[in-house]
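Examining the three-dimensional arrangement
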Amino acid sequence: FFGVSRLENPHSMNGRGKAPFSSCRPKVCIVGSGPAGFYTAQHLIKARPDVDVDIYERLPVPFGLVRFGVAPDHPEVKNVINTFTQTAKHTCCSFYGNVTVGKDVSVGELQQAYHAVVLSYGAEGNRSMGVPGEDLAGVYSAKDFVGWYNGLPSCQELSPDLSCETAVILGQGNVALDVARILLSPIDILKKTDITQPALEALAESHVRRVLIVGRRGPVQIACTIKELREMVNLPDTRPEMVAADFEGVKDAVKDLPRPRKRLTELMLKTAMEIPGEKEQERRNNASRVWSFRFFRSPIEIMADPDNKRTAGIRLAVNKLEGSGDGARAVLTGEVEDVSCGLVISSIGYKSLPIDPSVPFDSSKAIVPNSMGRVQQAAGLYCSGWLKTGPTGVIATTMNNSFDTARSLVEDMDSGTLDISAAKPGSQSISGLLEKRGVKPVIFSDWEKIDSVEMSRGEAAGKPREKLLTVEEMLQVARK
Ligand SMILES: Cc1cc2nc3c(=O)[nH]c(=O)nc-3n(C[C@H](O)[C@H](O)[C@H](O)COP(=O)(O)OP(=O)(O)OC[C@H]3O[C@@H](n4cnc5c(N)ncnc54)[C@H](O)[C@@H]3O)c2cc1C
Ligand SMILES: NC(=O)c1ccc[n+]([C@@H]2O[C@H](COP(=O)([O-])OP(=O)(O)OC[C@H]3O[C@@H](n4cnc5c(N)ncnc54)[C@H](OP(=O)(O)O)[C@@H]3O)[C@@H](O)[C@H]2O)c1
Ligand SMILES: *[C@@H]1O[C@H](CO)[C@@H](O)[C@H](O)[C@H]1NC(C)=O
Ligand SMILES: *[C@@H]1O[C@H](CO)[C@@H](O)[C@H](O)[C@H]1NC(C)=O
Ligand SMILES: *[C@@H]1O[C@H](CO)[C@@H](O)[C@H](O)[C@H]1NC(C)=O
Ligand SMILES: *[C@@H]1O[C@H](CO)[C@@H](O)[C@H](O)[C@H]1NC(C)=O
């Protein structure tokens, strides 16, 4: 990641200590405080030191999926929070949490108050499988399951039923592997992470012993990356159990694959097909839990137990591939296969949702239509992150595309395409509106109170952090 040392400002407090003459400065607001919001702000402040940037966030706490998505056993990924914190504490930047744009304040009102509005509110919906039985007990979206173990307030009621032996995860991306790892990890590993206490307790009692990670295409199309696959391969107390037939012809195809895909495929082949050495064989024999990839399978129905209440299994259509490489398409063979399982987690992707009828939205792609971050047919409106690109890409990808959006915005200011000649009131007028509506924002120093309570609760429990799990509790700590 790029350094941000130039953003450091020892005099900055929490966004209240504004520079003088702030009414003459270009005013930009950002909607959403995930990586996209923070990286957009970071680049704007660096490129235009005269800009004021206000970040509005629905939750009382910042950082989006870095806090609520990234797996608890990947603490190093969360180091980006340090960079975001530096940006938030810069004199030019303010954070307003506990403000839902589209409800507490409209995008139109923000456009009145600011020279430019950047939408970076992410992808908070899930793609739906669209198969019968999706509503049965025991079927969850990965989005909700992840939100549950990571402490997202809206997912705390999920309390997933983990009393079955076999779980099926649909989709083979990195989120699917996160979920598989959490379901199968020895509890001693998890209890040293910032996973929530209720999730830890439920997982300690879990009966899940077998996790099938199901993909509609083949091994050469798998969506996860090698680091995450290696973590599965090395997960203590587990062994892989693959189907040799799924790997037919893969060995011959390997040599022609492009570099990252080649190494990923080699690791998969090694795991699935090679006879392990003595030590590894012993490790596998000792393992009490099993994971496997199933390829060429699409869900067609989730089946209920005889009382018609709970998930008892899933019917999968058997596919064959048309074409080859990344672009290969799964087509039905007409064959089906039933798998018994008590838990189905759909991990086939996230999905952005429209937040305000005045903002253009492409429902088929589920993104805000834009060119280089400029929202089409909407002067002064920009977008970044997953809302701009769709729900794929790691934090570094999000950083790149957010910098691109910030560059477009700065270009438009410099060229005069964006009129910044007239002063705009910025947060002053929005604060007034919010107050009238009974919404009291949580500022960055309030978040720091929440942060320190979480850290000290974590310390007491031998964890890096014990997250507060409800908005009420967060607000209570913020108000102290
Ligand atoms: C489960 C999971 C695990 C991941 N793990 C990794 C990983 O290990 N490493 C990695 O590099 N990448 C990982 N990623 C990818 C990474 O999280 C994304 O690239 C990145 O978070 C996208 O950033 P974003 O800002 O567009 O969206 P988000 O991070 O979702 O941020 C959007 C923010 O907008 C806020 N918001 C939503 N609606 C409103 C509203 N109406 N008003 C105000 N605010 C609103 C949300 O509360 C949220 O804070 C993971 C993704 C997922 C889903
Ligand atoms: N550790 C990390 O770095 C980390 C962790 C988590 C997430 N992330 C990133 O976050 C992004 C999102 O991850 P993700 O796992 O949600 O998405 P993803 O990587 O796009 O994977 C989605 C999976 O769902 C499948 N799928 C999609 N639509 C389907 C359908 N209708 N029926 C059946 N299967 C379907 C895809 O198969 P097809 O290929 O056939 O479409 C793919 O296997 C990714 O870029 C990921 O790398 C990174
Ligand atoms: C995903 O979202 C849709 C709505 O878009 C919902 O109907 C469905 O139940 C959700 N869950 C799953 C597991 O797909
Ligand atoms: C397998 O289990 C035995 C008996 O508990 C133990 O002595 C041995 O070290 C284990 N081997 C591996 C590789 O974990
Ligand atoms: C981000 O951009 C840099 C510079 O253009 C590039 O080297 C890097 O590969 C990009 N990273 C991702 C994940 O897209
Ligand atoms: C957060 O918003 C709610 C209404 O949306 C409000 O009741 C509350 O006072 C706000 N802020 C704080 C710090 O409590």
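Remember, predicted model here, so these are calculated numbers, not experimental data.

Brief notes about the site of ligand 2
- Close to ligand 2 lie 20 residues, the nearest being Gln 172, Arg 216, Arg 217, Glu 228 and Gly 393.
- The separation between an oxygen atom of ligand 2 and a polar main-chain atom of Gln 172 is 2.9 Å.
- Here Glu 228 contributes a side-chain N or O atom positioned 2.7 Å from a nitrogen atom of ligand 2.
- Relative to its unbound accessible surface of 910 Å², ligand 2 loses 77% to contact with the protein.
- Broken down by element, the residue count for the shell around ligand 2 peaks at three residues, all from helix H6 (residues 174–184).
- Among the residues forming the shell around ligand 2, the class breakdown is six nonpolar, nine polar and five charged.

A word on H6
- Burial runs high along H6: nine of the 11 residues are buried.
- When H6 is considered as a whole, its buried residues turn out to be Ala 176, Leu 177, Asp 178, Val 179, Ala 180, Arg 181, Ile 182, Leu 183 and Leu 184.

Notes on the UniProt feature "binding site: NADP(+)" (unreviewed entry) in the protein
- Within this numbering scheme, the UniProt entry marks Gln 172, Gly 173, Asn 174, Val 175, Arg 216, Arg 217, Glu 228 and Gly 393 as carrying the feature "binding site: NADP(+)" (unreviewed entry).
- Setting aside anything within four residues of it in sequence, one finds Asn 174 in contact with Cys 224, Thr 225 and Glu 228.
- The exposure class of Gly 393 is partly exposed, given its relative accessible area of 35%.
- Those residues in contact with Gly 393, other than ones at most four positions away along the chain, are Trp 386 and Thr 398.

Observations concerning unusual backbone geometry
- Despite not being glycine, Asn 98 has its phi angle at roughly 70 degrees, a positive value.
- Position of Asn 98 among the secondary structure elements: in the loop between strand E3 (93–96) and helix H4 (107–113).

Let's talk about the side chain of Glu 57
- Along the chain, Glu 57 falls in the loop between strand E2 (52–56) and helix H2 (65–68).
- Buried charged residue Glu 57 carries no salt bridge. Nearest counter-charge: Arg 58, at 5.5 Å.
- Of the polar contacts made by the side chain of Glu 57, one reaches the backbone nitrogen of Leu 59; its length is 3.0 Å.
- What Glu 57 contacts, discounting residues up to four positions off in sequence, is Gly 32, Ser 33, Phe 95, Tyr 96, Gly 97, Asn 98 and Val 99.

Re the UniProt feature "domain: FAD/NAD(P)-binding" (unreviewed entry) in the protein
- UniProt records the feature "domain: FAD/NAD(P)-binding" (unreviewed entry) at residues 27–183, using the numbering of this structure.
- Structurally, residues 27–183 is divided into 34% helix and 18% strand, and its ends, taken at the C-alpha atoms, are 46 Å apart.

Points about helix H1 (residues 35–47)
- Spanning 13 residues, H1 covers 18 Å between terminal C-alpha atoms, matching the ideal 18 Å at 1.5 Å per step.
- Most of H1 sits out of view: 11 of its 13 residues are buried.
- For H1, the set of buried residues is Pro 35, Ala 36, Gly 37, Phe 38, Tyr 39, Thr 40, Ala 41, Gln 42, His 43, Leu 44 and Ile 45.

Some details on the domain arrangement of the protein
- Domain boundaries in the protein define domain 1 (4–124 + 352–442) and domain 2 (127–349).
- For domain 1 versus domain 2, the separation of C-alpha centres amounts to 35 Å.
- Listed as interface residues are 13 residues of domain 1 and, on the opposing side, 18 residues of domain 2.
- Taking both partners together, domain 1 and domain 2 bury about 1200 Å²; carbon and sulfur atoms supply 54% of that area.
- Broken down residue by residue, the surface that domain 1 buries against domain 2 is led by Phe 68, Pro 72 and Asp 73, which jointly contribute 47%.
- Run the count over domain 1 and domain 2 and you get three salt bridges.
- One salt bridge in this structure joins Lys 227 and Glu 76, with 3.9 Å as the shortest N-O distance.

Remarks on the sheet that holds strand E8 (residues 210–214)
- Strands sit in the order E6-E14-E7-E8-E10-E9 across an open sheet of six strands; the sheet is parallel. If you trace the sheet from one side to the other, it starts and ends with strand E6 (139–141) and strand E9 (238–240), each paired once. Ignoring strand direction, the axes of neighbouring strands in this sheet form an average angle of 20 degrees.
- Across five bridges, E8 lies against strand E10 (residues 289–294) in parallel orientation.

Considerations on the pattern of salt bridges
- All told, the structure shown has 34 salt bridges when counted by the stated rule.
- In this structure, the salt-bridge partner of Arg 283 is Glu 280, at a minimum N-O distance of 2.9 Å. Taken together, the residues Arg 283 and Glu 280, both in helix H12 (residues 278–286) and three residues apart, mark about one turn of the helix.
- For Arg 283, a relative accessible area of 25% corresponds to the partly exposed category.
- A salt bridge links Arg 294 to Glu 337; its shortest N-O distance comes to 3.4 Å. Taken together, the residues Arg 294 in strand E10 and Glu 337 in strand E13 (residues 329–340) connect sequence positions 43 residues apart.
- Each of Arg 67, Asp 451, Glu 454 and Arg 465 takes part in a single network of salt bridges with overlapping partners.

With respect to the site of ligand 6
- Near ligand 6 you find Asn 98, Gly 438, Lys 440, Leu 475 and Arg 479, and these make up its full shell.
- A distance of 2.4 Å separates an oxygen atom of ligand 6 from a polar atom in the side chain of Asn 98.
- Arg 479 is positioned with one of its side-chain polar atoms (N or O) 2.7 Å from an oxygen atom of ligand 6.
- Computed on the free molecule, ligand 6 has an accessible area of 350 Å², of which 72% lies beneath the protein chains in the complex.
- In terms of residue class, the shell around ligand 6 is made up of one nonpolar, two polar and two charged.

Definitions and cut-offs
Residues numbered from 1 in each chain as written. Chains lettered and ligands numbered in written order. Predicted model: local features only at pLDDT ≥ 70, side-chain atom pairs only at ≥ 80, totals over all residues. Heavy atoms only, no water. Near = heavy atom within 4 Å. Polar contact = N/O pair within 3.5 Å; in protein donor to acceptor, adjacent residues only side chain to side chain. Areas by Shrake-Rupley, 256 points an atom, 1.4 Å probe, with all protein chains shown as cover. Helix = DSSP H or I, 4+ residues; strand = E, 2+ residues; numbered from the N terminus. Nonpolar A, V, L, I, M, F, W, Y, C, P; charged D, E, K, R; others polar. Buried < 20%, exposed > 50% of the residue type's maximum accessible area, 1.4 Å probe, protein only. UniProt positions renumbered as here; feature names shortened; annotations may be inferred. Contact = heavy atoms within 4.5 Å. Lys, Arg positive; Asp, Glu negative; His and termini not counted. Salt bridge = Lys/Arg side-chain N within 4 Å of Asp/Glu carboxyl O. Expected span 1.5 Å × (residues − 1). Domains from an automatic or database assignment. Buried area = accessible area lost by both parts, 1.4 Å probe. Pairing = 2+ DSSP bridges. Axes fitted to C-alpha atoms, helices over the stretch in contact; angles between N-to-C directions.

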